[in-house]
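A look at the structure
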2 protein chains.
Amino acid sequence: MADGPTINTIAERAGVSIASVSRVLNGLPTRQETERKVLKAAEELGYVRNAVARSLKSRRTNQVAFAMADVGNPAYLAMLRQIQPVLKAAGYRLVLHSTDAVAADEIDVLHSLGERYVDGLIMSPLRVTDAHLEMLAAARAPVVIIGSVPEGTPVDNVRADSRTGVRLAVHHLYALGRRRIAMVNGPIDTVPGAARGAAYREALENLGLPYDDDLVQIGDFYRAEGARAVAELLARVPDVDALMCANDLIALGALDVLRAAGRRVPDDVAVVGMDDTDLAAASWPSLTSVSLGSAERGKVAAELLLERLRGGDSEPRVVTVAPRLAVRASTAGPAYEGASDGSDRKEGGA
Amino acid sequence: MADGPTINTIAERAGVSIASVSRVLNGLPTRQETERKVLKAAEELGYVRNAVARSLKSRRTNQVAFAMADVGNPAYLAMLRQIQPVLKAAGYRLVLHSTDAVAADEIDVLHSLGERYVDGLIMSPLRVTDAHLEMLAAARAPVVIIGSVPEGTPVDNVRADSRTGVRLAVHHLYALGRRRIAMVNGPIDTVPGAARGAAYREALENLGLPYDDDLVQIGDFYRAEGARAVAELLARVPDVDALMCANDLIALGALDVLRAAGRRVPDDVAVVGMDDTDLAAASWPSLTSVSLGSAERGKVAAELLLERLRGGDSEPRVVTVAPRLAVRASTAGPAYEGASDGSDRKEGGA
DNA sequence: TTGTATGCGTTATCAG
DNA sequence: CTGATAACGCATACAA
């Protein structure tokens, strides 16, 4: 682990100036003989150019940061899976931040952009505070936000459309003949909870179905909480024939409880999850789920950022990714579904 | 997005030298008045220190790389989830590489260590070739390998113990009274396939059970392949009463097929998976699975690397992480398991 | 305590 | 085509 060779080392050994070394290494016009000597010396010394010095000079780091709210959350991991290859293909390294859903940490990341250790940033904040907006306005590098920012914020913005997503699911259930469609939601003081709850109500109105408070059960976004919520719901509204769950974990909890209660899925009660995580295909019966396009949002965000890095100076862009309904056994499929091979039927939305 | 201020900008504005600015910014002894002026100027200019220049000078980047074989693989994601917070707490940024299981890409990452854009590396290679060993011997920064490297390789090494893992599972099945324990494996020319196959054989011998070729079915590490393999196995050996599957996906495929064939799990056939991914707890019945400690290996690797970065100059260390058996419904649990709350019963290994 | 000057490893400019 | 030299932004040894 001795100190590595620099262009100075090479220059000495080859008997030329560091300028010539640099030229050869960068493929600039050089006399054959010089080139030969330099390459030979570099080879013998096992020279590798120093990325830090290069960055200082070029003012580019070839690094891009992705700040996710939570490394453990499958939705963000889906984004990561798409972002990674796009950046890699373009020659950028990926610096990963997990902000643990703490707003202060997100602000920190935004602030550290000023350190110029990356050329750009993709961020998926939990919610956007005034402090966020302030930092975004002053950002010293291009930023793409996955989520929603107010009109006028000077950053590119990739959005999900949970309203349409919920509508797709509710309409799907309606088309299957379900009329007592309940909503099992997470806390409504969260951004997704509020959005999904409102979307549910809207979808019902849209179909001319009455909105019934009894059909709405609030719990939390975890499996155990989902199970508890569904148990309560069943006790209160025994004739429910469909469950719109605010995420896949809640839906898994629902399946647990329905099974224990002897209700057949989907025959007696149809179940729909949200986020379309890997768990949806793994469960039994496999779970119909609304994809809000985490993966695609990641991909689009990466592409938008790359355009900026290439010098695109257009106005801030807003892209909304269409949700999709992945229909599986919990609403419509056969009781036994062949092993998942990624070819689930999907219905486009928008 | 104008050019950011530097210590020169501050020095001018505050009417002091850049040396004083640097001193103030680094908390070195300074006259109150000077400090005040510098801080004021820095504040007004919105100064943030340039990480690149700082790295060039200090020869430290405060970045660590993690090279995973595949961003999509839950086992590596489990490592990532543990590595991230450890590094973050120590003030390091995480640079993520996905080598897509291509050996050349791994060599690339090792080579690029010479660029000094990170202070250290954690790598989990699929298999270790001579080229790997050569690069590891010449590495210009501390490296920790998750996986196995030959004795004498000058890097820290965190290993799994699939032999003990398989033994735990097979003994568990035996203790439940199973005597026709089959193995559903992936390709045996892969490292994990070979290791797990051998371990199965050894575990049987250990118990005095006869090894029967008919009880071994080779497929691939995917759900559909697992299902196919189990279907064949059932046709050939109808009296099988337990399945040791080489990973969770294969086990999920096994559950599909058993269900379709009307075999009750675990009553008729017990099923064990490996890797203990999230899917194991999500399936129904929930899946007993051998954890090879992906998460813990990640954590240990990060800690070992940090020690090196702090200057630990000890001999290369080898840490082996004990496997654990997470017992769930597919072997021993009740038919209905309350929603998963992370409190699965575990049996320690050695 | 403060300022001057130098170097970290590269790239780029400008004479020769 | 080549070499000397000046940045890039910061930290620091040394002199004042």
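What counts, and where the lines are drawn
- Residues numbered from 1 in each chain as written.
- Chains lettered and ligands numbered in written order.
- Predicted model: local features only at pLDDT ≥ 70, side-chain atom pairs only at ≥ 80, totals over all residues.
- Heavy atoms only, no water.
- Pairing = 2+ DSSP bridges.
- Helix = DSSP H or I, 4+ residues; strand = E, 2+ residues; numbered from the N terminus.
- Axes fitted to C-alpha atoms, helices over the stretch in contact; angles between N-to-C directions.
- Contact = heavy atoms within 4.5 Å.
- Domains from an automatic or database assignment.
- Buried < 20%, exposed > 50% of the residue type's maximum accessible area, 1.4 Å probe, protein only.
- Buried area = accessible area lost by both parts, 1.4 Å probe.
- Salt bridge = Lys/Arg side-chain N within 4 Å of Asp/Glu carboxyl O.
- Polar contact = N/O pair within 3.5 Å; in protein donor to acceptor, adjacent residues only side chain to side chain.
- Nonpolar A, V, L, I, M, F, W, Y, C, P; charged D, E, K, R; others polar.

So, on to the sheet that holds strand β11 (residues 318-320) of chain A. The strand order β11(A)-β5(A)-β4(A)-β3(A)-β1(A)-β2(A)-β2(B)-β1(B)-β3(B)-β4(B)-β5(B)-β11(B) describes an open sheet built from twelve strands, whose pairing is mixed. Looking at the sheet topology across the chains shown, the edges are occupied by β11 of chain A together with β11 (318-320) of chain B. For this sheet the average axis-to-axis angle between neighbouring strands, irrespective of direction, equals 20 degrees. Inspection of the sheet shows strand β4 (residues 143-146) of chain A paired to strand β5 (residues 156-159) of chain A by three bridges, in the parallel sense. Bridged to Val 144 of chain A within β5 of chain A is Asp 156 of chain A. Sheet strands touched by helix α5 (residues 74-89) of chain B: β2 (93-98) of chain A together with β1 (63-68), β2 (93-98), β3 (120-123) and β4 (143-146) of chain B. Its angle to β1 of chain B, the strand with the most contacts, is close to 175 degrees. The sheet contacts of helix α13 (residues 294-309) of chain B involve β1, β3, β4, β5 (156-159) and β11 of chain B, and relative to β5 of chain B the element is tilted by about 170 degrees.

So, on to the domain arrangement of chain A. Here chain A is described as being made up of domain 1 (7-49), domain 2 (63-160 + 294-321) and domain 3 (162-291). Spacing between the C-alpha centres of domain 1 of chain A and domain 2 of chain A amounts to 39 Å.

As a further point, take the pairing of β4 of chain B. Residue and element names in this part refer to chain B. Side chains Val 143 and Ile 145 project from β4 onto one buried face, and the interleaved Val 144 and Ile 146 project onto a second face that is buried too. Bridge count for β3 against β4 is three bridges, and the pairing is parallel. Across the sheet, residue Met 123 finds its bridge partner in β4, namely Ile 145.

This next bit is on the interface of chain B and chain A. Contact with chain B, which involves 59 residues of that partner, is made by 60 residues of chain A. Interface area, chain B with chain A, both sides summed: about 5000 Å², of which 61% is carbon and sulfur. The partner of Lys 88 of chain B in a salt bridge is Asp 105 of chain A, with the nearest N and O atoms 2.8 Å apart. For the interface between chain B and chain A, the tally reads 13 residue pairs in polar contact (both at pLDDT 80 or more). Broken down by secondary-structure element, the contributors of at least two residues to the side of chain B that touches chain A are α4 (51-58), α5, β2, α6 (103-112), α10 (223-236), α11 (248-260) and α12 (278-282) of chain B. With six residues, β2 of chain B is the single largest residue contributor to the side of chain B that touches chain A. Its residues assigned to classes, the side of chain B that touches chain A comprises 29 nonpolar, 15 polar and 15 charged. Of the pairings in the sheet, the one linking β2 of chain A to β2 of chain B comprises three bridges and is antiparallel in character. Note on β2 of chain B: the bridge partner recorded for Val 95 of chain A is Val 95 of chain B.

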